Amino acid sequence: MPFNLGYPSSQSRFFRPGYHGTSLQEVAMRFSTDDACIEHVMQTRFAQELPCEECGGVRRWSRRTSTQYALRCCGAVVSPLAGTVFHHTKLPLRLWFYAMLHFANSHAGVNSGFLERHLGISYRAAFHMAHRIRLHLAALERMTPIATPGQTVEVRVENLYRIRSDTSGHNRANVLLAARNGRVACQVIGVSRHRSVYKAIATMVPGHGDLHTTCYRTARLFSDYGSRLPQATYLPTYYIDHPNEIDAIKGFMSYFLWPLQTHHKYVSHSYLWLYLSEFQFRYNRRNHSAQTYWDIIGAFPILTSQGDMPVSTATTKDH
Ligand SMILES: [Zn+2]
């Protein structure tokens, strides 16, 4: 991508010190060629001083083909892109890195039509790319749960309306949101019943401690018939009693709902969790947004085709 002013963006006379994002120029300088991109993926995934899994030697490698490396110790072949967000891609990696910049910087989210026009690729390729990047963001978010075992978590079940879908029966959705220290996590739940909220909170925050909620309906959902453990304490005045704490769930919902209803009008029920993950990824980095892009390209987890989807949402397959 020839977008290089020839000097760091911080020396530009248009540089805005208050701007907390990653600029196009920074990305273009750092990832000016596809080689730089794949080298970054290779380094990120394998550069730790871990011994080679094949022979126990120290990992050093040399480039073999455009997507493969050979380990110097034993000659084992490594394909750093396999299984990751880039799996089987025929598009230049620079386009992917560029698309990810938009996912990092855009407040309203990125839709496939935008990528199609902006990258000059087919709608089909753009749709696939956006889908893979959202899966990637979701996988990254799951790597760091919002709370460690035993910690208190706030929960709320929200009912979303106007989720566009071809099948009118799925035009609304229940979402379980959890929050701690300003970070949120969310999951689409099938039906708002006790069983679905228990299951969802256990996958979202494994081993969580006490639950509390400001929502009466949520408290009802969590207060089962006294038999199962997770119960949410109903604290309606929590944010009045704790004026220094921010209602992150409320903040996230207003951050998510407006773009959903204006920019992403045709989100199907079965894709909703992915859009939520995309917005969650950005929202949880709102206080250090300059890091968002580097977080996106800071790890490349293996995405499995079905395992990406939280189990309790796998109810419809209408896309
Ligand atoms: Zn080896």
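Residues numbered from 1 in each chain as written. Predicted model: local features only at pLDDT ≥ 70, side-chain atom pairs only at ≥ 80, totals over all residues. Heavy atoms only, no water.

(A) The arrangement of the overall build of the chain in detail. Summing up its helical and strand segments, the chain has 11 helices and 8 strands in all. Burial status across the chain gives 48% buried among its 319 residues. Long-range pairs, those at least 24 residues apart, make up 62% of the contacts in the chain between residues at least 6 apart in sequence. Just so you have it, the chain exposes about 16,500 Å², and 53% of that area is on carbon and sulfur atoms. (Helix = DSSP H or I, 4+ residues; strand = E, 2+ residues; numbered from the N terminus. Buried < 20%, exposed > 50% of the residue type's maximum accessible area, 1.4 Å probe, protein only. Contact = heavy atoms within 4.5 Å. Areas by Shrake-Rupley, 256 points an atom, 1.4 Å probe, with all protein chains shown as cover.)

(B) A look at the packing of helix H5 (residues 123-143) against helix H10 (residues 272-283). Two elements in contact, H5 and H10, have axes whose closest approach is 8 Å; the angle formed by their N-to-C orientations is 60°. The orientation of H5 with respect to H10, classified from their angle, is oblique. In the packing of H5 onto H10, the handedness of the crossing is left-handed. Every residue of H10 that contacts H5 at His131, Arg134, Leu135, Leu137, Ala138, Leu140, Glu141 and Arg142 is listed here: Trp273, Leu274, Tyr275, Ser277, Glu278, Gln280 and Phe281. Of the residues belonging to the contact of H5 with H10, the class tally is 8 nonpolar, 3 polar and 4 charged. (Axes fitted to C-alpha atoms, helices over the stretch in contact; angles between N-to-C directions. Parallel < 35°, antiparallel > 145°, perpendicular 65-115°, else oblique. Left-handed = near helix turned anticlockwise from the far one by under 90°. Nonpolar A, V, L, I, M, F, W, Y, C, P; charged D, E, K, R; others polar.)

(C) Quick peek at the confidence of the model for the chain. Looking at the chain, pLDDT values average 85 and 84% of them are 70 or higher. Low pLDDT, under 50, characterises residues 310-319; the predicted model gives this stretch 23 contacts beyond four residues in sequence or across chains. (pLDDT = per-residue confidence, 0-100.)

(D) Region of interest: the coordination of the zinc ion. For the zinc ion, the protein coordination sphere consists of Cys52 (SG), Cys55 (SG), Cys73 (SG) and Cys74 (SG), at 2.3 to 2.5 Å. Taken together, the 4 donor atoms coordinating the zinc ion span angles of 101 to 115° at the metal, a pattern that classifies the geometry as tetrahedral. Between consecutive donors of the zinc ion, the numbers of intervening residues give the motif C-x2-C-x17-C-C. Classification of cysteine 73 as partly exposed rests on a relative accessible area of 33%. For cysteine 74, a relative accessible area of 36% translates into the label partly exposed. (Donors = N, O, S within 2.8 Å, 3.2 Å for Na, K, Ca; no water. Tetrahedral: all angles 85-135°; square planar, octahedral: opposite > 155°, others 65-115°.)

(E) Examining unusual backbone geometry more closely. For histidine 88, which is not a glycine, the phi torsion comes out positive at approximately 60°. Among the residues examined, histidine 88 registers a relative accessible area of 69% and is labelled exposed.

(F) Here's a closer look at the sheet that holds strand E2 (residues 69-71). Reading across from one edge, E1-E2-E3 is the order of the 3 strands in this open sheet, with antiparallel pairing throughout. Only two strands of the sheet have a single neighbouring strand rather than two, namely strand E1 (61-63) and strand E3 (77-78). Bridge count for E1 against E2 is 3 bridges, and the pairing is antiparallel. Residue pairing across strands places serine 62 opposite alanine 70, the latter belonging to E2. Here helix H2 (residues 34-46) sits on the sheet in contact with E1, E2 and E3, set at roughly 160° to E1. (Pairing = 2+ DSSP bridges.)

(G) Structural view of the sheet that holds strand E7 (residues 211-213). Ordered by their spatial adjacency, 5 strands build an open sheet running E6-E5-E4-E7-E8, and the pairing between neighbours is mixed. If you trace the sheet from one side to the other, it starts and ends with strand E6 (183-189) and strand E8 (232-234), each paired once. When strand polarity is set aside, the average angle formed by the axes of neighbouring strands in this sheet is 30°. Direction of pairing for E7 relative to E8: parallel, over a ladder of 3 bridges. In the strand pairing of E8, leucine 211 is matched with alanine 232. Helix H9 (residues 248-262) rests against strand E4 (153-160), strand E5 (173-180) and E6 of the sheet, and its axis sits at about 30° to E4.

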